[in-house]
Amino acid sequence: EDKVVQSPLSLVVHEGDTVTLNCSYEVTNFRSLLWYKQEKKAPTFLFMLTSSGIEKKSGRLSSILDKKELFSILNITATQTGDSAVYLCAPWSGNQFYFGTGTSLTVIP
Amino acid sequence: DTEVTQTPKHLVMGMTNKKSLKCEQHMGHRAMYWYKQKAKKPPELMFVYSYEKLSINESVPSRFSPECPNSSLLNLHLHALQPEDSALYLCASSQDRGGPQETQYFGPGTRLLVL
(Lines give C-alpha, C1' and ligand atoms only; values in the text may rest on other atoms or scores of the structure.)
Protein backbone atom coordinates (compact mmCIF):
# COMPACT_ATOMS: atom_id res chain seq x y z
CA GLU A 1 0.00 0.00 0.00
CA ASP A 2 1.28 3.44 -0.91
CA LYS A 3 2.28 5.50 2.09
CA VAL A 4 3.63 8.98 2.82
CA VAL A 5 4.81 9.93 6.29
CA GLN A 6 5.85 13.40 7.29
CA SER A 7 7.69 14.33 10.46
CA PRO A 8 7.48 16.05 12.76
CA LEU A 9 3.71 16.51 12.76
CA SER A 10 4.14 19.94 14.27
CA LEU A 11 6.97 22.24 15.15
CA VAL A 12 7.23 25.54 17.03
CA VAL A 13 10.39 27.62 16.56
CA HIS A 14 11.59 31.16 17.09
CA GLU A 15 12.29 33.58 14.29
CA GLY A 16 15.75 33.08 12.90
CA ASP A 17 15.86 29.36 13.64
CA THR A 18 16.56 26.77 10.94
CA VAL A 19 14.12 23.89 10.49
CA THR A 20 14.23 20.59 8.65
CA LEU A 21 11.02 18.89 7.62
CA ASN A 22 11.01 15.24 6.62
CA CYS A 23 8.98 13.23 4.14
CA SER A 24 9.37 9.50 3.68
CA TYR A 25 7.40 7.64 1.08
CA GLU A 26 6.57 4.26 -0.34
CA VAL A 27 4.82 4.86 -3.63
CA THR A 28 4.52 2.42 -6.51
CA ASN A 29 6.02 3.72 -9.75
CA PHE A 30 7.41 6.79 -8.04
CA ARG A 31 8.26 9.54 -10.51
CA SER A 32 8.82 12.74 -8.55
CA LEU A 33 7.97 14.51 -5.32
CA LEU A 34 6.35 17.89 -4.79
CA TRP A 35 6.44 20.16 -1.77
CA TYR A 36 3.60 22.57 -0.98
CA LYS A 37 3.00 25.29 1.58
CA GLN A 38 -0.55 25.68 2.85
CA GLU A 39 -1.65 28.63 4.91
CA LYS A 40 -5.35 29.28 5.34
CA LYS A 41 -6.32 28.45 1.81
CA ALA A 42 -5.13 26.25 -1.02
CA PRO A 43 -1.66 24.66 -1.14
CA THR A 44 0.89 26.68 -3.06
CA PHE A 45 3.60 24.92 -5.01
CA LEU A 46 7.17 25.14 -3.69
CA PHE A 47 9.37 22.52 -5.35
CA MET A 48 9.33 19.55 -7.66
CA LEU A 49 12.12 17.01 -7.18
CA THR A 50 12.86 14.28 -9.67
CA SER A 51 16.53 13.41 -9.21
CA SER A 52 18.38 12.22 -6.14
CA GLY A 53 20.97 14.43 -4.55
CA ILE A 54 20.23 17.60 -6.51
CA GLU A 55 19.24 20.42 -4.21
CA LYS A 56 16.52 22.78 -5.28
CA LYS A 57 16.71 26.22 -3.72
CA SER A 58 14.40 29.19 -3.54
CA GLY A 59 15.49 31.97 -1.21
CA ARG A 60 15.65 30.58 2.32
CA LEU A 61 13.99 27.31 1.30
CA SER A 62 15.79 24.31 -0.10
CA SER A 63 14.90 20.71 -0.69
CA ILE A 64 16.56 17.48 -1.67
CA LEU A 65 15.42 14.01 -2.62
CA ASP A 66 16.96 10.61 -1.86
CA LYS A 67 15.37 8.02 -4.15
CA LYS A 68 17.42 5.19 -2.70
CA GLU A 69 16.32 5.78 0.89
CA LEU A 70 12.87 7.05 -0.21
CA PHE A 71 12.78 10.37 1.53
CA SER A 72 12.96 14.08 0.99
CA ILE A 73 13.76 16.98 3.28
CA LEU A 74 12.70 20.59 3.17
CA ASN A 75 14.97 23.09 4.91
CA ILE A 76 14.02 26.59 5.90
CA THR A 77 16.78 28.84 7.18
CA ALA A 78 16.39 32.11 9.12
CA THR A 79 12.68 31.40 9.65
CA GLN A 80 10.20 34.25 9.66
CA THR A 81 6.65 34.47 11.02
CA GLY A 82 5.41 34.35 7.42
CA ASP A 83 6.79 30.82 7.16
CA SER A 84 4.10 29.64 9.59
CA ALA A 85 2.04 27.16 7.60
CA VAL A 86 1.44 23.49 6.97
CA TYR A 87 4.02 21.97 4.65
CA LEU A 88 2.82 19.07 2.54
CA CYS A 89 4.84 16.64 0.48
CA ALA A 90 3.19 14.81 -2.40
CA PRO A 91 4.92 12.01 -4.30
CA TRP A 92 3.73 11.58 -7.87
CA SER A 93 3.24 8.05 -9.16
CA GLY A 94 2.52 8.91 -12.77
CA ASN A 95 -1.11 8.24 -11.91
CA GLN A 96 -1.91 10.41 -8.93
CA PHE A 97 -0.38 12.52 -6.17
CA TYR A 98 -0.22 11.07 -2.68
CA PHE A 99 -0.31 13.62 0.12
CA GLY A 100 1.40 13.24 3.46
CA THR A 101 -0.30 14.38 6.66
CA GLY A 102 1.76 17.55 6.63
CA THR A 103 4.02 19.30 9.12
CA SER A 104 2.51 22.27 10.89
CA LEU A 105 5.19 24.91 11.43
CA THR A 106 4.67 27.84 13.79
CA VAL A 107 7.30 30.57 13.91
CA ILE A 108 7.16 32.75 17.03
CA PRO A 109 8.48 36.34 16.82
CA ASP B 1 0.05 32.16 -15.66
CA THR B 2 -0.43 29.34 -13.17
CA GLU B 3 -3.94 30.22 -12.16
CA VAL B 4 -6.74 27.84 -11.37
CA THR B 5 -9.99 29.58 -10.50
CA GLN B 6 -12.87 28.20 -8.50
CA THR B 7 -16.37 29.46 -7.86
CA PRO B 8 -18.04 30.05 -5.55
CA LYS B 9 -15.56 30.81 -2.76
CA HIS B 10 -18.11 29.90 -0.11
CA LEU B 11 -21.29 27.87 -0.28
CA VAL B 12 -23.91 27.07 2.31
CA MET B 13 -26.51 24.50 1.34
CA GLY B 14 -29.20 22.40 2.88
CA MET B 15 -29.29 18.65 2.63
CA THR B 16 -32.00 18.73 -0.03
CA ASN B 17 -30.33 21.32 -2.26
CA LYS B 18 -28.59 20.80 -5.57
CA LYS B 19 -25.57 22.97 -6.26
CA SER B 20 -22.47 22.92 -8.43
CA LEU B 21 -18.86 23.86 -7.87
CA LYS B 22 -16.91 25.16 -10.84
CA CYS B 23 -13.23 25.11 -11.69
CA GLU B 24 -11.40 26.62 -14.64
CA GLN B 25 -7.83 26.70 -15.87
CA HIS B 26 -6.27 28.13 -19.01
CA MET B 27 -2.82 26.62 -18.74
CA GLY B 28 -3.52 23.95 -21.33
CA HIS B 29 -3.41 21.31 -18.65
CA ARG B 30 -5.02 18.01 -19.58
CA ALA B 31 -5.44 16.57 -16.10
CA MET B 32 -7.84 18.02 -13.56
CA TYR B 33 -8.53 16.91 -10.02
CA TRP B 34 -11.07 17.32 -7.24
CA TYR B 35 -9.89 17.04 -3.65
CA LYS B 36 -11.76 17.29 -0.38
CA GLN B 37 -9.93 18.71 2.62
CA LYS B 38 -11.16 18.66 6.19
CA ALA B 39 -9.62 20.86 8.88
CA LYS B 40 -6.09 19.89 9.89
CA LYS B 41 -6.02 17.05 7.35
CA PRO B 42 -4.23 16.76 3.99
CA PRO B 43 -6.18 16.97 0.73
CA GLU B 44 -8.02 13.75 -0.04
CA LEU B 45 -8.32 12.81 -3.69
CA MET B 46 -11.87 12.41 -5.03
CA PHE B 47 -11.69 12.37 -8.82
CA VAL B 48 -9.17 12.71 -11.63
CA TYR B 49 -9.97 13.61 -15.20
CA SER B 50 -7.42 12.99 -17.89
CA TYR B 51 -8.09 14.34 -21.34
CA GLU B 52 -11.69 15.00 -20.30
CA LYS B 53 -12.28 11.40 -19.29
CA LEU B 54 -12.81 10.28 -15.72
CA SER B 55 -9.79 8.16 -14.87
CA ILE B 56 -9.89 7.92 -11.08
CA ASN B 57 -12.90 7.82 -8.78
CA GLU B 58 -11.75 7.21 -5.23
CA SER B 59 -14.96 5.47 -4.12
CA VAL B 60 -16.74 8.77 -3.74
CA PRO B 61 -20.47 8.63 -2.86
CA SER B 62 -22.82 9.22 -5.77
CA ARG B 63 -24.11 12.43 -4.19
CA PHE B 64 -20.93 13.93 -5.70
CA SER B 65 -21.02 13.93 -9.48
CA PRO B 66 -18.09 15.28 -11.47
CA GLU B 67 -18.30 16.62 -14.99
CA CYS B 68 -15.62 17.80 -17.40
CA PRO B 69 -17.36 19.71 -20.22
CA ASN B 70 -14.07 20.59 -21.92
CA SER B 71 -10.36 20.63 -21.23
CA SER B 72 -10.50 23.93 -19.32
CA LEU B 73 -13.53 23.31 -17.12
CA LEU B 74 -14.33 20.95 -14.31
CA ASN B 75 -17.58 20.87 -12.36
CA LEU B 76 -18.64 19.05 -9.23
CA HIS B 77 -22.39 18.61 -8.91
CA LEU B 78 -23.68 18.22 -5.38
CA HIS B 79 -26.99 16.67 -4.40
CA ALA B 80 -28.43 15.48 -1.09
CA LEU B 81 -25.24 16.13 0.81
CA GLN B 82 -24.73 15.34 4.47
CA PRO B 83 -23.33 17.66 7.15
CA GLU B 84 -20.14 15.59 7.24
CA ASP B 85 -19.52 16.64 3.63
CA SER B 86 -18.73 20.14 4.89
CA ALA B 87 -15.12 20.79 3.90
CA LEU B 88 -12.83 22.77 1.62
CA TYR B 89 -13.14 21.48 -1.94
CA LEU B 90 -10.02 22.00 -3.96
CA CYS B 91 -9.62 21.81 -7.69
CA ALA B 92 -6.18 21.28 -9.21
CA SER B 93 -4.70 20.79 -12.63
CA SER B 94 -1.51 19.39 -14.06
CA GLN B 95 -0.04 19.24 -17.51
CA ASP B 96 -0.04 15.63 -18.55
CA ARG B 97 -0.65 12.72 -16.29
CA GLY B 98 2.01 10.08 -16.49
CA GLY B 99 4.88 12.37 -17.33
CA PRO B 100 7.87 12.25 -14.97
CA GLN B 101 7.85 15.98 -14.36
CA GLU B 102 4.36 16.79 -13.30
CA THR B 103 3.49 19.92 -11.38
CA GLN B 104 0.05 20.34 -9.92
CA TYR B 105 -1.49 23.73 -9.26
CA PHE B 106 -4.40 24.29 -6.93
CA GLY B 107 -7.31 26.66 -7.09
CA PRO B 108 -8.26 28.69 -4.00
CA GLY B 109 -10.97 26.23 -3.04
CA THR B 110 -14.66 26.39 -2.24
CA ARG B 111 -15.52 26.25 1.44
CA LEU B 112 -18.73 24.25 1.69
CA LEU B 113 -21.03 24.12 4.68
CA VAL B 114 -23.92 21.65 4.65
CA LEU B 115 -26.68 22.36 7.13
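In this text the structure is predicted, and so the values were computed from the model without any measurement.

Caption draft 1: Examining the nonpolar core more closely. Counting residues in hydrophobic clusters, the biggest one holds 22 residues, and the most contacted among them are W34(B), F64(B), L76(B) and L78(B). Those elements giving two or more residues to this core turn out to be strand 2 (10-13), strand 3 (18-25), strand 4 (31-37), strand 5 (44-50), strand 7 (64-70), strand 8 (73-79), strand 9 (87-94) and strand 11 (110-114) of chain B. Not counting residues up to four positions away in its chain, the partners in contact with F64(B) are M46(B), F47(B), L76(B), H77(B), L78(B), L81(B), D85(B) and Y89(B). Grouped together as the second largest cluster of nonpolar side chains are 21 residues, Y25(A), V27(A), F47(A) and I76(A) included.

Caption draft 2: Expanded view of the sheet that holds strand 7 of chain B. Residues and elements named next belong to chain B. With antiparallel pairing, 4 strands are arranged side by side in an open sheet as 1-3-8-7. For this open sheet the edge positions go to strand 1 (4-7) and strand 7, each flanked by a neighbour on one side alone. Neighbouring strand axes in the sheet, compared pairwise and without regard to direction, differ in orientation by 20 degrees on average. In the sheet, strand 1 pairs with strand 3 via 4 bridges, with the strands oriented antiparallel. Within strand 3, the residue paired with Q6 across the bridge is C23.

Conventions and cut-offs
- Residues numbered from 1 in each chain as written.
- Chains lettered and ligands numbered in written order.
- Predicted model: local features only at pLDDT ≥ 70, side-chain atom pairs only at ≥ 80, totals over all residues.
- Heavy atoms only, no water.
- Core = buried A, V, L, I, M, F, W, Y, C linked by side-chain atoms within 4.5 Å.
- Buried < 20%, exposed > 50% of the residue type's maximum accessible area, 1.4 Å probe, protein only.
- Helix = DSSP H or I, 4+ residues; strand = E, 2+ residues; numbered from the N terminus.
- Contact = heavy atoms within 4.5 Å.
- Pairing = 2+ DSSP bridges.
- Axes fitted to C-alpha atoms, helices over the stretch in contact; angles between N-to-C directions.

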